[in-house]
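Residue-level listing of the chains:
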Amino acid sequence: MKRRPHESPPQDIPSSQACPEWKETLPQKFLRHVFDAPLLRKPIWKFWYNFAARVDGRAGHLKLMNFGYAPEEGGKLLPDLEPADEPHRNTIQMYVHAVGRKPLDGLDVLEVGCGRGGGAFSLMKYARPRTLTGLDLSPKAVHLARKAYALPGLSFLQGDAENLPFPDSSFDAAVNVESSHCYPNIRRFLAEVFRVLRPGGRFYYVDFRRIADLPEWEGAVSESDFQVLEKEDITADVVRALTRDSARKEDLMRARIPRFLHPAFRKFVCTVGSENYQSFIEGRRYYYRYLLVKD
Ligand SMILES: C[S@@+](CC[C@H](N)C(=O)[O-])C[C@H]1O[C@@H](n2cnc3c(N)ncnc32)[C@H](O)[C@@H]1O
């Protein structure tokens, strides 16, 4: 697969917000090792997403938590969003781009890493599966999802991507959006999704990795039991979405988040000028879309 270059920032980024050349500091290096440690990874992410749900919870500004997808031509993949969904356009479009338009009619679908349920709810509206079961490690996120979204066929439960609490061959399709970078054992996760899919089941999968972690990720996918039908580098479309949504996230942060947490929040939601944002632009981090199938 051809990787697209991302060396220069998109035209619409104010130059005052561009980062100087990035060098990892010792505290940053320490934190990266802590987050990467296999034994710590799950409890740390669980704590973090519980905490994030508590901070933003009642207001529910971040109904979807992925970085978003904005295609080149005017950024609109879906021309016909409901008005309440418009602020969340790019994050909804990430789901729609992951699954393609309306391929889920009448299917039983599992979403692993559903967060606060906004993506699952959007899929129910825009892709119309028969049932959609959302699963997430964070009980607080699942609580918010249950409270916010009640539709026939839509349900949420707490659980772990590496130990899916379902019998073999339970679903026709699976979705995973920007969650697998949190999992300590990606091969186990892929084997679990394969197990719970029915024969012919499709797995719609999008996520990012630092360039140093790409070989392990790509190896795990290509050596899994899935057949890889499609693989696409969508980094440029993600950067476009991040750029467009940055001001909204900054406003939200100033209104809701204690000042001492601003640097962590900026990094987490990848606002313009944050280290994570810059890493996408400079080709130190990539965002991929996979379409996998269980033959
Ligand atoms: C960046 S959020 C994305 C959420 C959702 N897909 C969206 O786009 O709004 C990542 C989610 O993955 C969940 N997660 C992390 N580790 C997990 C695991 N081992 N099993 C299930 N979910 C997990 C987190 O709790 C969090 O809700």
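See the structure above.
From a predicted model like this one, the values you see are computed outputs, not experimental measurements.

1. Regarding unusual backbone geometry
With a phi angle near 50°, Ser 169 is a residue other than glycine that sits in the positive phi range. You can see Ser 169 is positioned in the loop between strand S3 (154–158) and strand S4 (171–177). A residue is classified by how much of its surface remains accessible, and Ser 169, at 33% relative accessible area, is partly exposed. Even without being glycine, Cys 270 reaches a positive phi, approximately 65°. Mapped onto the elements of the fold, Cys 270 is located in the loop between helix H9 (262–269) and helix H10 (275–281).

2. A few points about the site of the ligand
The local shell around the ligand holds 20 residues, among which Met 65, Gly 113, Asp 136, Ala 161 and Ser 179 are the closest. Take Gly 113: an N or O atom from its main chain is 2.8 Å from a nitrogen atom of the ligand. Leu 137 is positioned such that a nitrogen or oxygen atom in its backbone is 3.2 Å from a nitrogen atom of the ligand. Here the ligand loses 99% of its free accessible area of 590 Å² to cover by the protein chains. Residues of the shell around the ligand, tallied by class, amount to ten nonpolar, six polar and four charged.

3. A word on the packing of helix H3 (residues 89–99) against helix H4 (residues 118–126)
In the contact formed by H3 and H4, the axes pass within 9 Å of each other and the chain directions differ by 60°. Considering the angle they form, H3 stands oblique to H4. Seen along the crossing, H3 lies across H4 with a hand that is right-handed. For the pair formed by H3 and H4, the contact residues are Ile 92, Tyr 95 and Val 99 on the first element and Gly 119, Ala 120, Ser 122, Leu 123 and Tyr 126 on the second. Looking at the contact of H3 with H4 residue by residue, the classes come out as six nonpolar, two polar and no charged.

4. Digging into the pattern of salt bridges
This structure, assessed with the given rule, holds 23 salt bridges. Put simply, Asp 168 and Arg 195 hold a salt bridge, and the shortest N to O gap is 2.9 Å. Of the two residues, Asp 168 is situated in the loop between S3 and S4 and Arg 195 in helix H6 (residues 186–196); the sequence distance between them amounts to 27 residues. For Arg 195, a relative accessible area of 23% gives the class partly exposed. The partner of Arg 209 in a salt bridge is Asp 207, and the shortest N-O contact between them spans 3.2 Å. Relative accessible area serves as the criterion here: at 9%, Arg 209 is assigned to the buried category. Exposure remark for Asp 207: the relative accessible area of 0% places this residue in the buried category. Residues joined by salt bridges that share partners form a network here, namely Asp 108, Arg 130, Asp 172 and Arg 198.

5. A short note on the sheet that holds strand S6 (residues 227–233)
Across the sheet, seven strands lie side by side as S3-S2-S1-S4-S5-S7-S6; this open sheet has mixed pairing. Strands with a single pairing partner mark the edges of an open sheet, and in this sheet they are S3 and S6. Taking each pair of neighbouring strands and ignoring which way they run, the sheet shows an average axis angle of 15°. Relative to strand S7 (residues 285–293), strand S5 (residues 197–210) is paired through nine bridges, and the arrangement is antiparallel. Across the sheet, residue Val 206 finds its bridge partner in S7, namely Arg 289. Strands strand S1 (108–112), strand S2 (131–136), S3 and S4 of the sheet are contacted by H4, whose axis makes an angle of about 160° with S3.

6. A closer look at the side chain of Arg 116
Mapped onto the fold, Arg 116 is located in the loop between S1 and H4. Residue class for Arg 116 comes out buried when judged on its relative accessible area of 6%. In this structure the side chain of Arg 116 is engaged in a polar contact, spanning 3.1 Å, whose partner is the backbone oxygen of Ala 52. Here Arg 116 is in contact with Ala 52, Ala 53, Asp 56, Leu 62, Lys 63, Met 65, Ala 141, Leu 144, Ala 145 and Tyr 149, once residues within four sequence places are set aside.

7. Let's talk about the packing of helix H8 (residues 235–256) against H9
It is at 11 Å that the axes of H8 and H9 come closest, and there the two elements cross at 150°. The angle between the axes of H8 and H9 places the two elements in the roughly antiparallel class. Viewed along their axes, H8 and H9 form a crossing whose handedness is right-handed. Contact with H8, carried on its side by Leu 242, Lys 249, Glu 250, Leu 252, Met 253 and Arg 254, involves His 262, Phe 265, Arg 266 and Val 269 of H9 and no other residues of that element. By residue class, the composition of the contact of H8 with H9 is five nonpolar, one polar and four charged.

Rules and cut-offs
Residues numbered from 1 in each chain as written. Predicted model: local features only at pLDDT ≥ 70, side-chain atom pairs only at ≥ 80, totals over all residues. Heavy atoms only, no water. Helix = DSSP H or I, 4+ residues; strand = E, 2+ residues; numbered from the N terminus. Buried < 20%, exposed > 50% of the residue type's maximum accessible area, 1.4 Å probe, protein only. Near = heavy atom within 4 Å. Polar contact = N/O pair within 3.5 Å; in protein donor to acceptor, adjacent residues only side chain to side chain. Areas by Shrake-Rupley, 256 points an atom, 1.4 Å probe, with all protein chains shown as cover. Nonpolar A, V, L, I, M, F, W, Y, C, P; charged D, E, K, R; others polar. Axes fitted to C-alpha atoms, helices over the stretch in contact; angles between N-to-C directions. Parallel < 35°, antiparallel > 145°, perpendicular 65-115°, else oblique. Left-handed = near helix turned anticlockwise from the far one by under 90°. Contact = heavy atoms within 4.5 Å. Salt bridge = Lys/Arg side-chain N within 4 Å of Asp/Glu carboxyl O. Pairing = 2+ DSSP bridges.

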